[in-house]
Amino acid sequence: MDLFCPAAVGRGLRERLGAPAGARARGPALRLCGWALAVAATGCVGNIGQPGGAGSGAAGAAGDPSAAGEMPLRRLTNREYDNTVRDLLGDDTQPADQFASDRDSTFAFRRAGDVAVQDATLLRTAAESLAAAALPNLKTLLPCDPSATGEDACALQFVGTFGARAFRRPLTATETSDLVSLYTTGRTTLKLAFSDAIGLLIEGMLQSPQFLYHWEAPPNDAPVHDGAVLQLGPYQVASRLSYFIWGSMPDQALFAAAAAGDLATAAQVEAQARRLLADPKARDTLASFFADWLALDGLAARTKDATLYPAYNDAVQTAMLGETSAFVQNVVFDGDGRWSTLLGATFSFINQPLGGIYGVTVQGTDLQRTALDPTQRAGFLTQPSFLALTGSADGSNPPRRGKAVYTELLCHQLPPPPANVPAPMPASAGGTTRQRFTQHDTNACTAGCHTAMDPIGFAFENYDGIGQFRTMDNELPVDASGSLWLDGATRPFTNAIDLTNLLASSAEVRACFATQWVRYALLRTETDADQASLQSAAASFGGDQSTVRDLMVAVTTMRSFRYRSPSPGETSP
Amino acid sequence: MIAIRTSTTRARFSRRAFLQRVGASAALLPLLHAGRARAGTPSGFPKRLITIAWANGVAQPSFYPAGADPTASAIMQPLAALKSKVTMVAGLDLNLMLDGGHTYDGHFSYPVLFTGSYQNLGGQLSTAAGPSIDQVVSDAVAMRVNLPSPLLNIAVQGQSTSFGTNGQINTAETDPARLYNTLFASQATGSATLSALSARRKSVLDYVSQELTGFGNRLGTDDRAKIADHLDSIRKLETQLSATTVSASCMPVAPGAATDYQTSMKVFADLVAMAIRCDVTRTVSMAWADDGGSGPYTMPFLSLAGSTMSIGDVHAVAHQGAAGYPDKIKIDSWYMGQLAYLAQALDSTPEGDGTMLDNSLIVMGNDMSEGSFHSVSAIPYVLVGGAGGALAAGRTVRVGSWAGKTGNYWSSGNTGVANNRLLASICNLMDVPMASFGTGYTGTLTELTG
C-alpha cells in the first residue's frame, strides 16, 4: 500500500495518524509525478475496485451530533498575518510576502509550519518593520494622550487596549505585567523615549504566541464541558468566525459580541457570520479558497512550450487567475451563488490578453463580464486557469485533469501506485493525446492509478495545454466522451460541458464541496467525530436552490466549528 | 538515538585517522595534505561542512567512473581539475525507506538523505525523526564558538534537507539578497547602533521566551511540541545576539539579482563561499533541486532537445530512463559543474599550506538512484574536500555489494549498506565523534575513514 504514487497517499493522512511534532509540509500540494505517474521496478498493484471508499469525504453513516473533532494549534497563515496587521495597525505592506511558503503538501489549504530559526528571524524582521512604520501615526493606536495621563499610565492603557486586539481577547494580569516589564526595560535599561518604548511593545506582541497562534481562549477561563467535548469560548468563536470568513482578526462588533457572551448559540453565530459575509473582505476569502483548493498558485510556475503556445505569457497567466477570482466572487456574492452556476455559467470575466485564449475580442486590461459559447465553456472547470494548470507544457494532460476532479470534486483518494509504468508515448509518435494515454492505460501496471483518473480527464480533451478550445488533436478529431462513477452508478458523458452538468447535479459532488469548506474552516482533515458536522454542512448545500453563502454560514454553526474534543496530553480540561 | 563517543574512543579515532594519513593512504593525498595533518585542531584552520541535495537521480552508466579517478566519467568530468580532492561513495542505500516499503519513493527521500532517520507516514507525508548531520555538526561547533550564522540553510529550489534535533524541518533561506543582508548587514552598521539593536532585540526575545513558556503549558502534547520548537528557535536567536562579529577585513560583495535558476545557483554559491571565508558560518545545508518531481522545472539554458516535453522538464527527462540519457547527462554534468564552481571558490582561498577546500568537506547526495524508477537504493553521494586532512580523497569508494567491482559498475538493486554509516563517518571527519548516526543502522563507513 505504500508504493510510490505521487499525491496518491491522500492529504491529511498525517493528521489522522496523529502528526508528530515537527512533521511539516514538504513541497507543493499537487505532486503529480510528471506527466506520467510512472515508476519502474518490480510488481504491480492490482485492480483498484470501485472508487469512493477510504478517504471519501462524502458523509457516510449518521454521525454523533454531540461529537466534535480536535482543534490542533495553528499559527497564522501568511495571508492571515498580512490581513491581521492591516486591520490591527493599518499596515498594508504585506510583510508575510517575505515569510516561507505556507503551502502544506499534506493538505489542500495553507497551514503555517513550525517556527524554525529562519521563520523566527523573518517574524522578527516583520515585527520590527511594522513597529517602526507604526510610530509616526502612534496617536491612532494610543487610547490616551501621554502628556495628559502621564507616559507610564498611557503605556499601561495601551497594553490593555492594543493588547486585547493583538491577542484577540482581554489580557490576563500576568500578560499585562509582562508587557509593562518590557516597557519599563525599554524606558530604563534601553533608555528609549516613550514612543519608541511603545514600538518595543508592538515588536514584542507581534512576536508573541498569543498573536501568532490561534488559541484565543483566555488562560484563566474555566473550560466549558459539554459531555465529552469542550465548547469554544466567545473569543475563540469570534476569531474562528473572522479568520474563516475574512482571513483576519475580529472587528469591534465581533469583539463586543464576544465580550457580551453573544456567540454561544448557533443562531448568534449565524447572525455574525451573515454580517461578516456582507463585508467585502469575504470576497477575498472566497477567491483564496478556490485558489488554494484547486492549487491555482501553481500556475505561476507552469512553463509552456513557446512554439506551441505563443499566446501564453505573463499577462495571460495573470489574467487567468484574475478571471477565476472575479468569476467565483461574482457568482457567489453578486449572483445566485449556486453550484450549478459555478460549474455551468456561460459567461466569465475576460480582458484583452485572455480574449486570445478564448477566441473572443475584448478591449483593455480590465476583466469584463463576457458571454461565452455555451458549446465550449461551462463554469470554472473550463476556465483557462484550471486547464493550463492541469495541462502539460506541450499539450493536454488527462491524468492531471482527471486527478483534480477525482480528488478535489469527488473527494476520493487515489489508489496506491503501480510500480512499473512506462512513460506514455510522445506526440511525435502520432495519434491523439487520448489514443496515446489509452494505450498507456492498457498496461496492466498502469491501470491502478490511471483508470481512476484518465477517463475523467478525457472529458477535457477539447482544451489544449493552455485551455484553448480545439476539435482536432495531432491532426485527428478529438474524442472527449467518457464516463465516471458517480452517486452509485456509471454516468456517461460526451464532453466537458456534459461532465460539468453531471457534477453540478450530483449529491456526492455537492457533499464533497461542502467537505472542502469544512476542511478549509477547520484547517484539518475530517475525522469520525466530525461526521455530524459534515452532514449538517452538506445538508445546507443539498439542493440546487442552496448557495455557497448558505454553505459558509452552515459551516460556522456546525458542531466542530464551535466545539472541540480535548487533545491528548492537555491538562486543564 | 545518537551514540556519542567517549573521550577514549575519540582519542582512538584520532590516532587511527592520523595513522591513515601517514600510512598507506598517504600516497593518495596531494603533498599539501602531508604538512597539514593537524588541520582542524584548535590551533589550525576550522573545518567546514557543506551538504548539498540534488534530485531526480543520475544516468548511472555515465555517472560511475571506471577506475579510481572519481571524475573519470561523462557526468563527473567537470570536477576533473579537482580530482585529487573528490571522493565518490558508491553503493549506499536509504535502508530505513527500504525497510518501510518505500523502495520507489525517491521523490520523498530528502528527510532521510542527511538524517539517517525516517518517520514512515507514507510517501510524501514522511519526514525525519532526528537531526541532519549539518545540525549536529553546527551544534558541536556552537559549543566552541558562537558564529553569527551557526547553520546556514539554503534552498535554491525544493525543500530543505536540514532537520533539527527533534526531526523538525529547518526552514531554508530562499532569497539571496535577503541572505546577504542577514549575513553582512552588520558590516554596514556602526557598532553603537549595533549594540543598541542587540540590547533591544534581547529584551524582546526575553519577553517572547517568557510568553512561549507560559503559552505552551495548557496545550496538548503535539501542540506543546510546536511551541517547544518555537522556543528553541527564539533561544538560538538570543545566542546569535552575542555572536562573533564579521571581521572588518572581510569585504563581502553584494550579490546581483537572481532572476532565474542558473543565476540563483551562482549567487548562492558565491554567498556560501563568502560566508565561509568570513567565518560567518562553518556549516551549510543547501537544497539545489526540487525533490518532488512536481515542479515544472526546466533548464532552458541547456537546450535540452530529446525530451518528450519539448521544453525539457527536468523530471520528465529523468523519467525517460535510457531514452533520455543524452539530455539527462547534460543535466547531471551541469550539476557537477555547479559543485565544481563552489569547490573551486573554496579552493582558491589559501589556508596555510593548503586551501580552504582542503579544510572543508562538501557532501552531495541525490534523492534517488535513477529518475526512471525512483529507487532509494544505490544513492549517488559525492564528497569534495579533505576535511582538514582527515579524508583521503581522490578515489572511488565502492561499498556493500559494489565493493571490489571493477569497470564503471552500477546496479539498481539494494547494496546492503545504509547511508547512516556515511553520515556517521562524516561526523567523525568533522571531529564530532559518532559510533553511529540516525536510527536503525550502526557503525561508520570504514572503507572511507579507515
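Details of the structure are given in the entry above.
Attention here is on the structure that accompanies the text. (Residues numbered from 1 in each chain as written. Chains lettered and ligands numbered in written order. Predicted model: local features only at pLDDT ≥ 70, side-chain atom pairs only at ≥ 80, totals over all residues. Heavy atoms only, no water.)

Counting secondary structure elements, chain B contains 14 helices and nine strands. As displayed, chain B offers around 14500 Å² of accessible surface, 57% of which is attributable to carbon and sulfur atoms. (Helix = DSSP H or I, 4+ residues; strand = E, 2+ residues; numbered from the N terminus. Areas by Shrake-Rupley, 256 points an atom, 1.4 Å probe, with all protein chains shown as cover.)

If you walk through the whole model with that rule in mind, you get 39 salt bridges over all chains. With its nearest N and O atoms 2.7 Å apart, the salt bridge here joins Glu570(A) to Arg564(A). Across this residue pair, the class does not change: Glu570(A) and Arg564(A) are buried. When the shortest N-O distance is used, the salt bridge between Asp332(B) and Lys328(B) registers 3.0 Å. With a gap of four residues between them, Asp332(B) and Lys328(B) both fall in helix H12 (residues 325–347), about one helical turn apart. As far as the burial class goes, Asp332(B) and Lys328(B) line up, both buried. Bridged by salt links that share partners, the residues Asp102(A), Arg103(A), Arg110(A), Asp292(A) and Asp297(A) form one connected network. (Salt bridge = Lys/Arg side-chain N within 4 Å of Asp/Glu carboxyl O. Buried < 20%, exposed > 50% of the residue type's maximum accessible area, 1.4 Å probe, protein only.)

To continue, consider the state of the cysteines. This structure, assessed with the given rule, holds three disulfides over all chains. Here Cys411(A) is linked by a disulfide to Cys512(A), with a sulfur-sulfur distance of 2.0 Å. Between Cys411(A) and Cys512(A), the disulfide has an S-S torsion of 85 degrees and is therefore right-handed. Separated by 101 residues along the polypeptide, Cys411(A) in the loop between helix H18 (398–409) and helix H19 (433–442) and Cys512(A) in helix H22 (residues 507–522) bring together distant segments of the chain. Judged by its relative accessible area of 2%, Cys411(A) falls in the buried class. Note that Cys250(B) is cross-linked by a disulfide to Cys278(B), the S-S spacing being 1.5 Å. One quick way to see it: the torsion about the S-S bond of Cys250(B) and Cys278(B) is about -70 degrees, and its sign makes the bridge left-handed. One end of the pair, Cys250(B), is in the loop between helix H9 (221–241) and helix H10 (261–277); the other, Cys278(B), is in the loop between H10 and strand E4 (283–287), with 28 residues separating them in the sequence. You can call Cys250(B) buried: its relative accessible area is 12%. According to the relative accessible area criterion, Cys278(B) is buried, its value standing at 9%. (Disulfide = S-S within 2.5 Å.)

Right, let's get into the sheet that holds strand E4 (residues 229–231) of chain A. All names here are of chain A. Across the sheet, three strands lie side by side as E3-E4-E11; this open sheet has antiparallel pairing. The open sheet has two edge strands, strand E3 (224–226) and strand E11 (563–564), and neither has a second partner. As defined by bridge partners, E4 adjoins E11 across two bridges and the pair is classed as antiparallel. Within E11, the residue paired with Leu230 across the bridge is Arg564. (Pairing = 2+ DSSP bridges.)

Strands pair in a sheet through their backbones, by hydrogen bonds, and they do so in one of two ways: parallel or antiparallel. Residues and elements named next belong to chain B. Here we have seven strands laid out as an open sheet, ordered E3-E4-E1-E7-E8-E2-E9, and mixed in their pairing. What marks the edges here is a single partner per strand, and that holds for strand E3 (152–155) and strand E9 (395–398). Averaged over all neighbouring strand pairs, the angle between strand axes comes to 15 degrees, with direction disregarded. Relative to E9, strand E2 (residues 86–92) runs parallel, the two sharing four bridges. Looking across to E9, one finds that Ala90 is bridged to Arg398. (Axes fitted to C-alpha atoms, helices over the stretch in contact; angles between N-to-C directions.)

Summed over all chains, the structure comprises 40 aromatic pairs over all chains. Between Phe158(A) and Phe162(A), the ring centres sit 4.8 Å apart and the planes meet at 10 degrees, which makes this aromatic pair stacked. Taken together, the residues span about one helical turn, with Phe158(A) and Phe162(A) both in helix H6 (residues 151–166) at a distance of four residues. Judged by relative accessible area, Phe158(A) falls into the buried class, the value being 0%. With a centroid separation of 5.0 Å and an interplanar angle of 75 degrees, the aromatic rings of Trp334(B) and Tyr335(B) are classed as edge-to-face. The pair formed by Trp334(B) and Tyr335(B) is uniform in burial state, with each residue classed as buried. Directly above the aromatic system of Tyr563(A) lies the positively charged group of Arg559(A), at a separation of 3.8 Å from the ring centroid. The ring of Phe215(B) has Arg218(B) lying over it, and the distance from NZ or CZ to the ring centre is 5.7 Å. (Phe/Tyr/Trp six-rings, centres within 6.5 Å; stacked < 30°, edge-to-face > 60°. Lys NZ or Arg CZ within 6 Å of the ring centre and 35° of its normal.)

It is worth spelling out the pairing of strand E10 (residues 489–493) of chain A at this point. All names here are of chain A. Inspection of the sheet shows strand E9 (residues 482–486) paired to E10 by five bridges, in the antiparallel sense. Across the sheet, the residue bridging to Ser483 is Pro492, located in E10. Between the antiparallel neighbours E9 and E10 lie two residues, among them Asp487 with a positive phi of about 50 degrees.

In terms of nonpolar packing, the biggest core is built from 160 residues, with Tyr81(A), Phe380(A) and Trp517(A) touching the most fellow members. The dominant element in this core, judged by the number of residues it contributes, is H22(A), at nine residues. Discounting residues that sit within four places of it in the chain, Phe380(A) has contacts with Phe290(A), Trp293(A), Leu294(A), Phe327(A), Trp339(A), Leu342(A), Leu343(A), Phe386(A) and Leu409(A). Membership of the second largest hydrophobic core comes to 113 residues, among which are Ile52(B), Val89(B), Ile362(B) and Ile379(B). (Core = buried A, V, L, I, M, F, W, Y, C linked by side-chain atoms within 4.5 Å. Contact = heavy atoms within 4.5 Å.)

Turning our attention to the packing of H10(B) against H12(B). To characterise two packed helices, one gives the angle between the axes of the helices and the distance between these axes. Residues and elements named next belong to chain B. In the contact formed by H10 and H12, the axes pass within 9 Å of each other and the chain directions differ by 25 degrees. For the element pair H10 / H12, the angle class is roughly parallel. Note that H10 runs across H12; the crossing there is right-handed. For the pair H10 and H12, contact is made by Tyr261, Gln262, Met265, Lys266, Ala269, Asp270, Val272, Ala273, Ile276 and Arg277 and by Trp334, Tyr335, Gln338, Tyr341, Leu342, Ala345 and Leu346, respectively. Looking at the contact of H10 with H12, its residues break down into 12 nonpolar, two polar and three charged. (Parallel < 35°, antiparallel > 145°, perpendicular 65-115°, else oblique. Left-handed = near helix turned anticlockwise from the far one by under 90°. Nonpolar A, V, L, I, M, F, W, Y, C, P; charged D, E, K, R; others polar.)

We now examine the side chain of Asn78(A). Residue and element names in this part refer to chain A. Its place among the elements puts Asn78 in helix H2 (residues 78–89). Within the structure, the side chain of Asn78 is placed 3.0 Å from the backbone oxygen of Ala100, a separation counted as a polar contact. Apart from residues no more than four positions distant in its own chain, Asn78 is found in contact with Ala96, Phe99, Ala100, Ser101 and Asp102. (Polar contact = N/O pair within 3.5 Å; in protein donor to acceptor, adjacent residues only side chain to side chain.)

Positive phi is not limited to glycine here, since Ala295(A) has a value of about 55 degrees. Along the chain, Ala295(A) turns up in the loop between helix H13 (281–293) and helix H14 (314–334). Residue class for Ala295(A) comes out buried when judged on its relative accessible area of 6%. In this structure, Asn56(B) takes a positive phi of about 75 degrees despite not being glycine. A relative accessible area of 1% means that Asn56(B) is categorised as buried.

So, about the environment of Val363(B). Residue and element names in this part refer to chain B. Relative to the elements of secondary structure, Val363 occurs in strand E7 (residues 360–366). Val363 sits in the buried class, given a relative accessible area of 0%. Remark: the alpha-carbon pair of Val363 and Val384, spanning 21 residues in sequence, is separated by 6.7 Å. Leaving out residues up to four positions away in the same chain, Val363 has contacts with Leu49, Ile50, Thr51, Ile52, Phe114, Tyr381, Val382, Leu383 and Ile426.

With that settled, the discussion passes to the environment of Leu410(A). Residues and elements named next belong to chain A. Assignment of secondary structure puts Leu410 in the loop between H18 and H19. Residues Leu410 and Leu503, spaced 93 residues apart in sequence, show a C-alpha to C-alpha distance of 8.8 Å. Setting aside anything within four residues of it in sequence, one finds Leu410 in contact with Val405, Ile456, Leu484, Leu486, Leu503, Val509 and Cys512.

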